[in-house]
Structures are given as C-alpha cells and as structure tokens.
Amino acid sequence: MQRRTFIKTLSYLGAASAFPFLSARGFAAISSAIPVAELPELKGELTLYLGRGEGGLYEDVLDAIKKRNPNFNLRIRRGPTAALANMIMAEAKAGVSQADLFWAVDSGAIGQVVDAGLAQKLPGDLTQQLQPEFRFSHWAPISGRIRTLPYNPDRISAAQIPDSIMALPDTDLSIAWAPAYASFQSFITAMRLIEGDKATTHWLKGMKNKTKQYAGELGVVMAVERGEVDLGLANHYYTLRLKSGKPDARLALAFTKNDAGCLINASGVLALKEGKTATDFIRYLLSKEVQTYLSTEAYELPLAGQLPTPAGIPNLAQLSPPNVDLTKLADLRPTINLMRKAGII
Amino acid sequence: MTRWPLSYTISLVIALLAFFPVIILFALASDSVQMFDIRNLEILSNTLLLMLFTAVGAVLIGVPLALLVTYVKIPWRKFWLILLAAPLALPSYLGAFTFYAAFGTGGEIENVTGIATPALNGLLGSSVIMALYTYPFVLLSTRAALSSLDASQVYAARTLGMPLLSSIWHVVLPRIRNGIAAGTLLAAMYALSDFGTPAIMGLDTFTREIYVEYNSFGLSQAAMLSLQLLVVVGLILYLESKVKGSQEPPGRHLTFWPKPWQANLLLLTTLPIVMFAIVLPLAIFSLWLWREGTGNFDFTYALNSAYASLLAAFFAVILALPLAYAAIKGTMGRIMERITFIGFGIPGIVMGTALIYAGLQLPFLYQTLALLILAYVLRFLPLAVGTIRSSTESLDGSLVNAARVLGASPKEAYQRITLPLTMRGIVAGGALVFLEVMRELPATLLLGPIEFETLATYLWRVYEAGYFGRAAIPGLILIFISALGLALMFSTERWNSVELNEEEQR
C-alpha cells in the first residue's frame, strides 16, 4: 500500500511543482536534499545494470522514476553484483559497452569498476548534495548501511558489550556471524586498513572459537532473536526489518566506537558513459523523495542532504564511524587470503 | 574402413565450439596462483560425498520410476511420465529454500499443522534435495534405454521360473547399464557444480570456495578453482565411459498388466516424490502468496521461457546427433563426445562469465536471442548427447549391415534404420535440454537480450527481493509450461518409430 502511494506521489509531483513551498527551497541550501519537483525531466533512453542484493525496493524507485518521466525509457539488466561488475569490465575490454549506468548494492563492486577507469567524473554540484564524507569524484553513494552488534537483551545487557570491536574476542559472549557475506568481508577489509594485518588475523583467530557461522546476515539476526547466541555481527537494516515484522522481537542494537565495528558502507551508482540524462538520473536517486523512501521502507541510511536516519538508529552525528575511504574497500584480495589463513572461509 | 568419417569432422567442429568457453577459463585463470588448499580435506570430502549421495539417490528414485512408466500398463501413462519428469524444470535452490522454510522448529509445517518436524540441513539435506531435482536425468535416460529393449529374454527367464523382481534385476538392468549411467553422470555433474542448494543447507563444498572468490572479484581465482574441479569431472567422465550396456536387435516391447488396485498402489508409491519435489515448494509459496498478496506478473515471461527452451532443445538435438554417432564409431569420436561434457561441470556463474567473453567475440550477436540460444545449446549439449549415444550404442550393427548388403547407402541406412530406432533417445535428450533451459539462470541473466525476462529470472528476482509469495504463480506456470513442452516432444516419439517395437493395445 505504501509503495503504491510512493509511486503515485512521485508521478503526480510534477503537477504539484507550482506549490510555493516546494520551489521555495530552490538551489539555495546545497546541503539539504532536493525534491523531485525541482529536477529536470528525463528524456531519451538509458541502460542500467542493476546489481541486486536485497534490493527489491529499488524496483519501486525505478518504476516511480519511469512513471514520472513519460519521455524517458529505462532499460534494465539485472544480475548478481559481482557478475555485472565482471561483465562491465569484459565489455569494456572488447569495446562493446552497453550500459550507461551501474547501480551496485556493494561499494566493493563500484570500486572495481572505478579502479578499472571505466566510470565518468560526476559534476561537482551533484556530489555536493551528499554528506561530506560520502563525496567521491567518480561515483555517488545512494544509501548507507552501518555495521552493528545486534544482541538479545534477554541473554545479555548492553553493559556487557565492549565499546571496541577489537575487544570482542576477550569477552565470554557467544557470537553469530556470516563470513561469506560481502558486507562482512568489507568490514574485515576496513579492520585490516585501520588495525593492520597482524591485529586482524589475531582477531579472526580469537573469534573463531566463539562464533557460529550462518549463510547470510538475516540468519545471524534471526539466530540472535531466537537466543541461539548472545550477539551477532550484521548490517543494521536486518534488525530493523525483522523488528518491523515482529515488533516484540528480543533484539537490540549496540554500536562500537571509532573502529571497523561501526563502519558505514554504501550502495552506489556510477555513470559509464557521458551524458546529461545519466547524471540527471543519478540526481533523481539522490532526491528527497527517493532518499526518504529508501530510509522509511528499506531502513537504509539516507546519504543526500540532511534527512533523518531510519527509526531505531541514532543520528549520524551521534555515531562515530571510522574514517575509511569506501573506495579502498574494493581491495578484497588480501582480506580473503587473511580469512583463509585464519581458517574462517 | 578406418577412414576419417564425415561425422568426425562435424563432431570436431561442435566439440571445439563447446570447449571454447573452457579455453577462455584457462586464459582467465592464467594470472592466478591460487590452488585448492589440499589441507582442506573436509570441503573435498563434502563435495565428493554430495556427488555420490546425489547419484545414488537419483538412481534409487529414477530407475524404478522409469520401469514403472515404461513397462507397467497404468492409466494415463504419459501424464505420469511428464509429471515425474517436471521437477527438473524447477530451480533446485527454490526447492532447498522451501525445504529449509518448511522443516524444523518454527518451520511452516509446524506453524500450519502443529506437527514438529526435524530440520533438514547439511550433507543429508543437500543430498535429498539434489536427488529430488536430478532424478529426472536418470528417469528419462533409463526410459529411453528400456523402451528399445527386447522383451523375449525376460519372457524366457520368467518361463524358466525366475521371479519377476529377480528377472528385472538379472535380465533387464544389466542390459541398460549404459542408459542408467548416462543419466547418473548428469546428476553427479549437476551436484558437483550447483551452488545454491549446499549454500542454503549450510554445507561447505568446492562451489562455495569458487563463489567466495568470484564475489570478491577474484575472477581468475574462481576460474582456476573451476578448472581444478574438472579433475573430478574428468574422473567421473572416465568411469562412466567404462560402463557398457549390451548390443542387441530391437524386439517386442515388454508390458506388465497389473490389476487396477495394483496400478493404483504403484502410483501411490510415487506420491512422496511428487509431494516433495513439486507440491511442497508450490504449497509453501502459495502460503506466502496468501499472506503477502500477489505482485505484477507478466505472462510474456512464460512465453519467453517456452520458446527459448524449445529452440535450444531442437538445436541441441541436431548438434548432438553427429557427436553421438561419432562416439560409437571409435576412440577419437568418443573423446570428442566426452569433451562436450566438460562445460556442464563448471559452476553456472563462472561459465556465464566465460560465455560473455565468448559472446563478445561475436559483437554483432552479443546480447541477442540467437547468442543466448547458442550458449544454452553449447552448455546443455551433453544432456542430449548422453541419452542419444546410450540408445545408439545398444543398437545391434546387424540391421545396419543387412541394409547395406541390400544396397542402401550409409546415409539411407542411417535415416531408415539407425535414426528411427534411436528416436526415444533423441526425444529424451531433447526433453532434458528443454527442462534444464527452463530453469537456467546465469546465462539468461547475463547473455539474454536486455529486459528478456523468463520464468527463471523472475523467480530469482522475487527470491532475491524476499517477496517469496510472488514465486507461487510463476512456479506453477513453470511446471505447467514444462508439462506442455514435454507432451509436445513425447508426441513426436512415435513418428518414424518401428511398429515391431510397439505392442500398444487398445
């Protein structure tokens, strides 16, 4: 029901653009999200490679943008993020480029394509819409996800959880994790960049005997809720989504401070070919309506303007994520080798 | 006579074409030093055990069902054949996922009925599910072998006082070993290369290693590991080639006429298979459909699936004929036939990427339906080759020789003797390719024309997005379209067939 309303709102907003309160915002406040009504109409045709993880709600956003722009044709190829990244690189090598845009759920895949020199530089006023730590010259983060420690308040209290992720192996907590999951591997990459290889290996080995392994992070959160373990390592939205379906779930969130344990990672989009329509399309993804929708329905962190975080997550100002260049998280190879050496995967 | 026959030349071209993506993998793997960690014996033993249990399970289910639908006079025989073959069209990851959701504490079975069921996971869970979604390989290849078998030997054994079951065991099965082996080989290779099922069941296998590498952008490592997996593939290809059936002239068809209650009882025993492989997944999805409400499903997805699969089945059979023919001509032909199998043992997503590189060599075809069909044909050629070869193999040469002595050219002898007698194998091979293409995912996603959605890609979309209820209707349509396609194919079975072999009575 809410999704329908969203699509309608976005497609009829054109008519509402005459309302003074919508246009009054203007372009004055660069740090606040731009409403759809102020965006130029999309014209022509774009081909989007859409890498999917848990991205069912992205479809709604794309449908709404298509409805609002009747003279715009969007062709979508869907596929697993890593496979599409490989495909883009193979196409570039053969000189048969098909895609105009690549939207990936994982900044690692973005980093691969950017490192291969295939992404176009984005206009400065577009990146200015993003919060300062999320401004990159060749790609635009769309929504964020923060690493969290979901715990079961029936089994442990918040006071038992250390402030530092590095102290976790020294506790006597039982822990759920999903080492084969891309977000987990990005988190280990961040740890490697912050603490060094030696400390990370030590941490992985220390954790090995305290942890139970799951296929994905929804599984981790469900295991915490059922009381199979005390605490888990997972992206924030799994907890929020599970709680939205089951409000009395025995789940609470803890955050570490200033280390890889509260890394903010992002899904992002990049343009593979130059063109106004492609960059305008990215502007739609950063619009107030789309960002608000991703936050309220998908529980992702809005990264454009200064929109509130989804209910259940402290504001970005109250969190202390580590200072890591997200593009560097693409360097997964050493992380995989390290995890193999520690016997985790 | 030991000249290089025409079928060799054609086969060589096809075999090289089918092997081309594997050569691309070699090129991709060349800058990798990653080797499979031999210390990690647990993963290797998991992989081998899963393969073994799947093969055994597929034989245990597939062979008795093949006997039932071939020899026993049951009402609506074709219907049962089609229904029992249909699980091959369902993606096994969906089966695994619904099993995971249905069983165990807090599972849907307990939620709905209140009956607690044990959780199904690990090696046992993976093997059960894998066997349920691969036994049609064995069913169809065994049926093709059975139906060209002469019944007189069974009648002789029975006349001499051998009980029914032991005459099947001693007189029928040894003569169709190669047919059973052809299907078992495919089941084993599927188990070796599938990722979704063991991942959902929490079993660490070789494919998981490959996916970890692939997803962390180690394409060359993933290619390298896939090539190492080919050692196991080579081993089972070798083992299968050692299995020999018998060669004999065709004869009267064996038919059992059970009493109605016996027929019903026999059909009742197939019920658990149908329940678990088809009804359970569809029931679970319908339950979610009822809870969540429906989504927007476009019927063109079903049409896309159907015609792409039919085209692929048609061309696969055409390319498979010379290969199967060459395989029984001599060692070289045999080697060329084996080469086409190799690609089937490589995990889908790695193969999909290799096919992108291959497809990019033909830029004018890239991302067209033609290229997608070509990719399907090359990837699933072994499905057709195996069944056609095993049914050609069991042909006694004397009929062809007789025709030649009577003045027929090799071409005429082939058209009038060999081809009609192998028709069942050809139809079975086409059916296997058809069903496998219906559920194919990676190549469809990566190589199809843009926005070309099939039932399999739609199912994947809703599964990834977590809208499981939306899988119910397309899942049902997938079964329905598969059944229609199979019915169409099996109706051509009697076309060109020899009357002697059929004693259908009305």
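Undergrad: Looking at this model, I keep getting lost on the interface of chain B and chain A. Mind explaining?
TA: One frequently used descriptor of interface size is the decrease in accessible area upon assembly of the parts. Contact residues are listed per partner, giving 29 residues for chain B and 30 residues for chain A. Looking at the side of chain B that touches chain A, the elements that each hand over two or more residues are helix H10 (196-200), helix H11 (206-215), helix H16 (348-360), helix H21 (442-447) and helix H22 (455-465) of chain B. In terms of residue count, the dominant contributor to the side of chain B that touches chain A is H16 of chain B (six residues). For the side of chain B that touches chain A, the per-class residue count stands at 17 nonpolar, eight polar and four charged.

Undergrad: Would you take a moment to explain helix H8 (residues 197-208) of chain A for this structure?
TA: Three- or four-residue spacings in an α-helix give side chains the same orientation, since the helix completes a turn every 3.6 residues. Residue and element names in this part refer to chain A. Compared with the 16 Å implied by 1.5 Å per residue over 12 residues, the 16 Å span of H8 between its first and last C-alpha is a close match. Along H8, the residues that are buried comprise Thr 200, Trp 203 and Leu 204. Along the long axis of H8, the arc covered by the buried residues comes to 95°, so they all point the same way. Where H8 is buried, its residues contact helix H7 (182-195) and helix H13 (333-341).

Undergrad: Just checking my understanding: could you explain unusual backbone geometry for this structure?
TA: Most peptide bonds take the trans form, and the phi angle of most residues other than glycine is negative. Positive phi, normally seen in glycine, also occurs at Asn 258 of chain A, with a value near 60°. Mapping Asn 258 of chain A onto the fold places it in the loop between strand E9 (252-254) and strand E10 (264-271). Phi at Phe 217 of chain B is positive, roughly 65°, even though this residue is not glycine. By the secondary structure assignment, Phe 217 of chain B is in the loop between H11 and helix H12 (219-241).

Undergrad: Can you walk me through the nonpolar core in this structure?
TA: One recurring pattern in soluble globular proteins is that nonpolar side chains are buried together. In this structure, Leu 101 and Phe 102 of chain A together with Ala 85, Ala 316 and Ala 320 of chain B are the most contacted members of the largest nonpolar core, which totals 278 residues. A total of 16 residues in this core trace back to one element, the largest contributor, which is helix H14 (residues 300-327) of chain B. Composition of this core by domain shows at least three residues from each of domain 1 (2-144 + 266-315) and domain 2 (145-263 + 322-341) of chain A. In contact with Ala 320 of chain B, not counting residues within four places along its chain, are Leu 381, Ala 384, Val 385, Ile 388 and Gly 429 of chain B.

Undergrad: Where do I start with the confidence of the model for chain B in this structure?
TA: Do not read the fine detail of predicted coordinates wherever pLDDT is low. All names here are of chain B. Overall, the predicted model of chain B reaches an average pLDDT of 85, with 94% of residues at or above 70. Put simply, helix H5 (residues 108-113) is where chain B has its lowest mean pLDDT, 79, and H14 is where it has its highest, 93. The low-confidence segment residues 495-506 (pLDDT under 50) makes 17 contacts with residues lying over four places distant or belonging to another chain. In the predicted assembly, ipTM is 0.84 and pTM is 0.85.

Undergrad: What exactly am I supposed to notice about the domain arrangement of chain A here?
TA: All names here are of chain A. Domains assigned within chain A are domain 1 (2-144 + 266-315) and domain 2 (145-263 + 322-341). In this assembly, 17 residues from domain 1 lie in contact with 14 residues from domain 2. Tallying contributions element by element places helix H5 (residues 107-115) first for the side of domain 1 that touches domain 2, with six residues. Tallied by class, residues from the side of domain 1 that touches domain 2 come to eight nonpolar, six polar and three charged.

Undergrad: Before we go on, may I ask you to explain the packing of H8 of chain A against H13 of chain A in this structure?
TA: The description of two packed helices rests on the angle between their axes and on the distance between the axes. Residues and elements named next belong to chain A. Viewed as axis vectors pointing N to C, H8 and H13 meet at an angle of 40°, and their least axial separation amounts to 9 Å. One element, H8, and the other, H13, form an angle in the oblique class. Considering the relative orientation of H8 and H13, their crossing is right-handed. Residues Asp 197, Thr 200, Thr 201 and Leu 204 of H8 touch H13, and the partners they reach there are Leu 338, Met 339 and Lys 341. Each residue belonging to the contact of H8 with H13 can be placed in one class, and the counts come to three nonpolar, two polar and two charged.

Undergrad: Would you explain the environment of Ala 413 of chain B in this entry?
TA: All names here are of chain B. Note on placement: Ala 413 falls in helix H19 (residues 410-421). Among the residues examined, Ala 413 registers 19 C-beta atoms within 10 Å and is labelled partly exposed. For Ala 413 and Tyr 100, which are 313 residues apart along the polypeptide, the C-alpha to C-alpha distance reads 53 Å. Excluding its chain neighbours within four sequence positions, the residues that come into contact with Ala 413 are Val 400, Ala 403, Arg 404, Ala 408 and Thr 418.

Undergrad: Hey, could you run me through the packing of H14 of chain B against helix H23 (residues 472-491) of chain B in this one?
TA: All names here are of chain B. The contact between H14 and H23 brings their axes to 10 Å, and the two run at 35°. Like other packed secondary-structure pairs, H14 and H23 cross with a definite hand, here right-handed. Residues Tyr 301, Ala 302, Ser 305, Ala 306, Ser 309 and Leu 310 of H14 form the contact with H23, whose own contacting residues are Pro 474, Ile 477, Ile 481 and Gly 485. Broken down by class, the residue content of the contact of H14 with H23 amounts to seven nonpolar, three polar and no charged.

Rules used throughout
- Residues numbered from 1 in each chain as written.
- Chains lettered and ligands numbered in written order.
- Predicted model: local features only at pLDDT ≥ 70, side-chain atom pairs only at ≥ 80, totals over all residues.
- Contact = placed C-beta atoms within 7 Å.
- Helix = DSSP H or I, 4+ residues; strand = E, 2+ residues; numbered from the N terminus.
- Nonpolar A, V, L, I, M, F, W, Y, C, P; charged D, E, K, R; others polar.
- Expected span 1.5 Å × (residues − 1).
- Buried ≥ 20, exposed ≤ 12 C-beta atoms within 10 Å, placed from the backbone.
- Arc of directions from axis to C-beta.
- Core = buried A, V, L, I, M, F, W, Y, C linked by C-beta atoms within 7 Å.
- Domains from an automatic or database assignment.
- pLDDT = per-residue confidence, 0-100.
- Axes fitted to C-alpha atoms, helices over the stretch in contact; angles between N-to-C directions.
- Parallel < 35°, antiparallel > 145°, perpendicular 65-115°, else oblique.
- Left-handed = near helix turned anticlockwise from the far one by under 90°.

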